[in-house]
Amino acid sequence: MPGPPVTPSAPDVLATPLQYLKGVGPRRGADLQKAGLATIEDLLYRFPIRYEDRSQLQPIATLRPGQTVSITGELLSGGLRPTRRPGFKIFEALVRDSSGTVRAAWLNQPFLRDVFQPHQQVVLFGPVEQYGTGGLQLTNPQYEILDAEEAETIHTGRIVPVYEKTGSLTPKMQRRLVHDALQRLPEEIEDLLPAAVRARRHLPGRREALAATHFPAPGTPLDELNRFRTPGQVRLIFEEFFVFQLGLLARRREMDAEHKPRAVHVDDRIRESARRVLPFRLTGGQRQALKEIVEDMQRAQPMNRLLQGDVGAGKTIVALLAAVVAMENGLQVAFMAPTEILAEQHFENIRRLLAGSRFRVALLTGGARTRARRQLLAEVAAGEVDLLVGTHALVQESVAFRELGLVVIDEQHRFGVLQRATLREKGLHPDVLVMTATPIPRTLALTTYGDLDVSVIREGPPGRLPVKTVAKPDSRRDEVYAFVTQQLEAGRQAYVVYPLVEESAKVDLKAATEMADHLAQEIFPAFRVALLHGRMKADAKERVMRAFVAGELDVLVSTTVIEVGVDVANASVMIVEHAERFGLAQLHQLRGRVGRDSSQAYCILIYQAPLSDQGRARLQVMTDTTDGFVIAERDLELRGPGDFFGTRQSGVPTLRVGDLLRDRALMEEARQEAGAWLDGADRTPALVDTVRRTWAQRFGLVGVG
Ligand code: ADP
Ligand code: MG
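Since this is a predicted model, take the numbers as computed values, not measurements.

1. Examining the packing of helix 7 (residues 206-214) against helix 9 (residues 231-257)
Point 1. One can describe the packing of helix 7 onto helix 9 by two numbers: an axis separation of 8 Å at closest approach and a directional angle of 125°. In terms of axis orientation, helix 7 runs oblique to helix 9. As helix 7 packs across helix 9, the resulting crossing turns out to be left-handed. Within the contact between the two elements, helix 7 uses Arg206, Ala209, Leu210 and Thr213 and helix 9 uses Gly232, Gln233, Arg235, Leu236 and Glu239.
Point 2. Of the residues in the contact of helix 7 with helix 9, the class split is 3 nonpolar, 3 polar and 3 charged.

2. Quick word on the domain arrangement of the protein
Point 1. Taken domain by domain, the protein consists of domain 1 (1-55 + 158-227), domain 2 (61-153), domain 3 (268-457) and domain 4 (468-625).
Point 2. Computed from C-alpha atoms alone, the centre-to-centre distance between domain 3 and domain 4 is 29 Å.
Point 3. At the interface, 13 residues of domain 3 touch 15 residues of domain 4.
Point 4. Between domain 3 and domain 4, a total of about 1,100 Å² is buried, with carbon and sulfur atoms accounting for 58% of that surface.
Point 5. Its largest share of buried area at the contact with domain 4, domain 3 owes to Val311, Ile341 and Gln345, together 46% of the area lost on that side.
Point 6. In this structure, the connection of domain 3 to domain 4 is made through 1 salt bridge.
Point 7. A salt bridge links Arg546 to Glu348; its shortest N-O distance comes to 3.8 Å.
Point 8. Summed over the shared surface of domain 3 and domain 4, the result is 1 residue pair in polar contact (both at pLDDT 80 or more).
Point 9. Broken down by class, the residue content of the side of domain 3 that touches domain 4 amounts to 6 nonpolar, 3 polar and 4 charged.

3. Notes on the pairing of strand 18 (residues 529-532)
On any regular strand, side chains alternate: one points to one face of the sheet, the next to the other face.
Point 1. Residues of strand 18 alternate between two faces, with Val529 and Leu531 on one and Ala530 and Leu532 on the opposite face, all of them buried.
Point 2. One ladder, built from 4 bridges, connects strand 18 with strand 19 (residues 555-559); its direction is parallel. Along strand 19, the bridge assignment pairs Leu531 with Val557.
Point 3. Considered for its hand, the β-α-β crossover made up of strand 18, helix 20 (residues 538-549) and strand 19 is right-handed.

4. Regarding the side chain of Ser558
Point 1. By the element assignment, Ser558 lies in strand 19.
Point 2. Using a relative accessible area of 0% as the deciding quantity, one classes Ser558 as buried.
Point 3. Filtering out sequence-adjacent residues up to four positions away, Ser558 remains in contact with Val496, Val497, Tyr498 and Leu532.

5. Topic: helix 11 (residues 284-297)
Point 1. In a regular helix each residue adds 1.5 Å, so 14 residues correspond to 20 Å; helix 11 covers 20 Å between its end C-alpha atoms and thus fits that length.
Point 2. Looking at helix 11, one finds that the buried residues are Gln286, Ala289, Leu290, Glu292, Ile293, Val294, Asp296 and Met297.
Point 3. Buried-residue contacts for helix 11 involve strand 9 (304-309), helix 12 (315-328), strand 13 (404-409), strand 14 (431-436) and strand 15 (453-457).

6. Let's talk about the nonpolar core
Point 1. Leu44, Phe242 and Leu388 are the most contacted members of the largest nonpolar core, which totals 86 residues.
Point 2. Of the residues forming this core, the biggest block, 12 residues, is contributed by helix 9.
Point 3. The residue makeup of this core includes at least three contributed by each of domain 1 (1-55 + 158-227) and domain 3 (268-457).
Point 4. Beyond its immediate stretch of four places on either side in the chain, Phe242 contacts Leu192, Leu193, Pro194, Val197, Ala670, Glu673, Ala674, Trp677 and Leu687.

7. Regarding the sheet that holds strand 19
Point 1. As summarised here, the arrangement of the 6 strands in space is 16-21-20-17-19-18, forming an open sheet in which the pairing is parallel. Where the open sheet ends on each side, the last strands, each with one partner, are strand 16 (468-473) and strand 18. Adjacent strand axes in the sheet meet at a mean angle of 20°, parallel and antiparallel pairs treated alike.
Point 2. Pairing of strand 17 (residues 493-498) with strand 20 (residues 571-576) involves 5 bridges; the strand directions are parallel.

8. Structural notes on the sheet that holds strand 13
Point 1. Spatially, 7 strands are ordered 11-12-10-13-14-9-15 in an open sheet, and the strand pairing comes out parallel. Because the sheet does not close on itself, it has two edges, and the strands there are strand 11 (361-363) and strand 15. Neighbouring strand axes in the sheet, compared pairwise and without regard to direction, differ in orientation by 20° on average.
Point 2. Pairing of strand 10 (residues 332-337) with strand 12 (residues 387-391), which is carried by 5 bridges, proceeds in the parallel orientation. Looking at strand 12, one finds that Ala334 is bridged to Leu388.
Point 3. Most of the contacts of helix 11 go to strand 15, to which it runs at about 155°, and overall it touches strand 9, strand 13, strand 14 and strand 15.

Quick notes on the rules
Residues numbered from 1 in each chain as written. Chains lettered and ligands numbered in written order. Predicted model: local features only at pLDDT ≥ 70, side-chain atom pairs only at ≥ 80, totals over all residues. Heavy atoms only, no water. Axes fitted to C-alpha atoms, helices over the stretch in contact; angles between N-to-C directions. Helix = DSSP H or I, 4+ residues; strand = E, 2+ residues; numbered from the N terminus. Parallel < 35°, antiparallel > 145°, perpendicular 65-115°, else oblique. Left-handed = near helix turned anticlockwise from the far one by under 90°. Contact = heavy atoms within 4.5 Å. Nonpolar A, V, L, I, M, F, W, Y, C, P; charged D, E, K, R; others polar. Domains from an automatic or database assignment. Buried area = accessible area lost by both parts, 1.4 Å probe. Salt bridge = Lys/Arg side-chain N within 4 Å of Asp/Glu carboxyl O. Polar contact = N/O pair within 3.5 Å; in protein donor to acceptor, adjacent residues only side chain to side chain. Buried < 20%, exposed > 50% of the residue type's maximum accessible area, 1.4 Å probe, protein only. Pairing = 2+ DSSP bridges. Right-handed = clockwise from strand over helix to strand, strands pointing away. Expected span 1.5 Å × (residues − 1). Core = buried A, V, L, I, M, F, W, Y, C linked by side-chain atoms within 4.5 Å.

Written as structure tokens, this is what we have:
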């Protein structure tokens, strides 16, 4: 049990636990804490979801159908009315102000009978509709019941904030608490935003901003408030972004202070060695990316670079040329892929390209403690292996290198930063190149990769045609099969992909298995069909993959294990079953499996009707464009930043007041200010320190320092 409430000294007011506010107490305090509100600061940094102007509530007599209005008045009577639909009831009430009376109706909320009492003063917000012939009604309005003594100051007669319900805290209670909390704030509170930054950007002080955000001054434009663009709101958002960027940039500067064992050196002999490996001419984008990478490698500080390029853009060869440069300098290279199959494919590919060189390439698979594996690890430790290919477990495991100079992390946007941290913990400071085929909208790149340099390969190898994409309902699959048969007869290969979602993995696997049988026996009896799925043993998977790569299979039915990286140029059709279940990024990745040579390729998205709005929008994007960056932007808009990468460890920060979509421009500005401030003369170590200490927790990100 907590002791008696104490009033903390002034600087700590923001840290005061909410249970010390009037009307909270330990029980509700615990409830709020569960919802993420522990302190006054938490409370004040939860923005209203919208604002209502209750300074001029609309007289009831002036209501018109089609308006959305706030009114206040006295509740005259209320009661439940049954409808013809069994069990479906309507709660109706009459509300009166000095100008007139209006009906309010709530559908299917019978509990309201116990909420409202006659003669209560209420505020209603909602749409006005025609009711029957003569009257008007507010339908399903949001409501607040006013208490006589507070009504004037807090809940009406002004622009009021409307909050989202939080735990057991109603919007109205929250408004009262926020009001109370603001009263307690001393005149001066600590301001994380440096005075110079505030002055330059004309941003109000922190206290003023908090007050104006929750209880806007009379006359504040309502639309500006509801777009979160008033100076006070902007200031609080800016503060959050500034602190976020400060943390990222400070960390980046720390990394730049590190020294790698040996900077790489480049001369004509090394250039020639790289050229010998190259089977084709690099595109302009590849050349530029390689130049940036090799420049980084020649510096004393470790490289921290992200190589972005759409599926098929040709990232692998760029990474391999960088690897040749490292190896020519006597350094070892770790090349990591997210799955065993991809690691194997990289290995085969790299081994082929390096066949004429003196470099030794090896593949580390599985976790089995076999003798061969021990032998390989010993060779790696002795420096007898120059390039080791494996999964992302490579750096986590007990693999010791003699001198690790370069780490390439392929097809990964999520954990690259983490792996960097793992490396550092082991006392390793190699160059790190993270490659991703997920085009990342600029806003997110600034946040998730704000501490990395970025190279982009925008265009793939010349002579590629955009993949023709259509969406077809399940009912028209006969047409699809007829088309695929033509392609197969022309000697091409096809993928059929099934979604495999965690919860129903078994069911889906069964569906995929049955489909493979059905296709093999009834649809494509003249062709060779095989199934590939995640639960197969590694060697079985490999056998199937190899056969497909070698053209010994015509149709590969697969769960999404082929999502990334696999490269079979002869495959010309990608069929995605249940396309409505896939996210845009995944669909884009899947489509990228075809169209890998100069002939026309096709992607057919088969969906199960009826489509949700989101599902329809996603398929529309896919048929409209093949530009990964456009798709990424649309994906971000459709899903929101939190879901864009899918996991919490994605590097997308948990933000309190900012919104990566709505406020993207502010993020860029905050980054510039944070950079300028770090370089500037008025920079205070105390702030950097605070930020460093609280950064990971504040933004809900895994420690990556
Ligand atoms: P991704 O960026 O998706 O990893 P890859 O590196 O697998 O793409 O390259 C896709 C395909 O394009 C591969 O078959 C590769 O050999 C080929 N390729 C890459 N660069 C070029 C180029 N400059 N000219 C011709 N083909 C290229
Ligand atoms: Mg690749």
